Amino acid sequence: MLDQQKTIVKATLPALKVHGEEITRYFYQEMLGAHPELRSMFNASDQADGTQAKRLAGAILAYAGNIDRLDLLGTAVNQIARSHVRVHVQADQYPIVGKYLLIAIKSVLGEAATPEVLEAWGAAYGQLAEIMISIEKGMYAEAAAVAAD
Ligand code: HEM
């Protein structure tokens, strides 16, 4: 990720904090509308009462705030990865989530969502996705090794 993109992510963080839950709520609605096959993975009551939206918004914003100090994310990222492994999240589902997250950011930020802003957030999401996919890959391999024992 370029330094300039990190600067953009940090500069747009306050606006996204204001709209954090709105972004994730819109994101779920659009993503699950286009990909109904993912619907059964998500706990229906958590979605209905906004719990899931708050968790995802919280995770993304915490990550963005620490974009220069990713080592601070350790435990949080491991916990999220554990939740993901429990519901069998797959690496190839990350681009789907990324696509709808950007669509949601674009919709909520309106004119403030310039191509540079969207590109910076795309790069930030891609970086977090890479970290999570790699941790989850390790967890799946560990589970497979235990199962083969
Ligand atoms: C970088 C991208 C992502 C972030 C930051 C993220 C964040 C989170 C967080 C914070 C939680 C709650 C964890 C907990 O309470 O322990 C969660 C749960 C979950 N995530 Fe993700 N996630 C990401 C990508 C994905 C992808 C690609 C999928 C696949 C479609 C996915 C599906 C789920 C599901 C099914 C749950 C559990 C929901 C439930 O129990 O209702 N996530 N995620």
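Each remark here, short or long, concerns the structure printed above.
Residues numbered from 1 in each chain as written. Predicted model: local features only at pLDDT ≥ 70, side-chain atom pairs only at ≥ 80, totals over all residues. Heavy atoms only, no water.

Q: In this structure, what is going on with the overall build of the protein? I would like to understand it.
A: Broken down by element type, the protein carries six helices and zero strands. Across the protein, helices and strands are ordered from the amino to the carboxyl terminus as α-α-α-α-α-α. The globule rule puts the C-alpha radius of gyration for 149 residues at 15 Å, and the 16 Å found for the protein is close to it. Seen through its C-alpha atoms, the protein measures out along the principal axes to roughly 55 × 35 × 20 Å. For the protein, with 149 residues in total, the buried portion stands at 37%. Per element, the accessible surface of the protein, about 8,600 Å² overall, is 57% carbon and sulfur. In the protein, 13 side chains carry a positive charge and 17 a negative one; their mean positions are 4 Å apart. (Helix = DSSP H or I, 4+ residues; strand = E, 2+ residues; numbered from the N terminus. Rg over C-alpha atoms; globule rule 2.2 N^0.38 Å. Buried < 20%, exposed > 50% of the residue type's maximum accessible area, 1.4 Å probe, protein only. Areas by Shrake-Rupley, 256 points an atom, 1.4 Å probe, with all protein chains shown as cover. Lys, Arg positive; Asp, Glu negative; His and termini not counted. Charge placed at Lys NZ, Arg CZ, Asp CG, Glu CD.)

Q: Even after reading the chapter, I still don't get the coordination of the iron atom of the ligand, so can you show me in this structure?
A: As a benchmark, a tetrahedral metal site with four donors has ideal angles of 109.5 degrees, while an octahedral site with six donors has ideal angles of 90 or 180 degrees. Of all protein atoms, just one serves as a donor to the iron atom of the ligand, and that atom is His84 (NE2), at 2.0 Å. Note that His84 resides in helix α4 (residues 74–86). (Donors = N, O, S within 2.8 Å, 3.2 Å for Na, K, Ca; no water.)

Q: Just checking my understanding: could you explain the nonpolar core for this structure?
A: Taken as a class, soluble globular proteins show a tendency for nonpolar side chains to be buried jointly. Core analysis: the biggest nonpolar cluster contains 37 residues, and Leu16, Ile23, Phe27, Met31, Ile105 and Trp121 have the highest contact counts within it. Looking at this core, the elements with two or more residues in it are α1 (3–34), α3 (51–65), α5 (94–109) and α6 (115–148). Discounting chain neighbours no more than four positions away, the residues touching Leu16 are Ile23, Leu61, Ile105, Leu109 and Trp121. (Core = buried A, V, L, I, M, F, W, Y, C linked by side-chain atoms within 4.5 Å. Contact = heavy atoms within 4.5 Å.)

Q: Whenever I open this one, the side chain of His35 confuses me. Can you help?
A: Mapped onto the fold, His35 is located in the loop between α1 and α2 (44–48). Within the local environment of His35, its side chain forms a polar contact with the side chain of Glu37, the two groups lying 2.9 Å apart. If sequence neighbours within four positions are ignored, His35 has contacts with Ile96 and Tyr100. (Polar contact = N/O pair within 3.5 Å; in protein donor to acceptor, adjacent residues only side chain to side chain.)

Q: Teacher, can you tell me more about the site of the ligand here?
A: Asn43, Arg55, Ser83, His84 and Val97 are the nearest of the 18 residues found near the ligand. Between the ligand and the protein, one listed contact pairs an oxygen atom with a side-chain N or O atom of Ser83 at 2.6 Å. Within the side chain of His84, an N or O atom sits 2.8 Å from a nitrogen atom of the ligand. Sorting the residues of the shell around the ligand by element identifies α3, α4, α5 and α6 as the ones contributing at least two each. Considering each element in turn, the shell around the ligand owes the most residues, five residues, to α3. Broken down by class, the residue content of the shell around the ligand amounts to twelve nonpolar, five polar and one charged. (Near = heavy atom within 4 Å. Nonpolar A, V, L, I, M, F, W, Y, C, P; charged D, E, K, R; others polar.)

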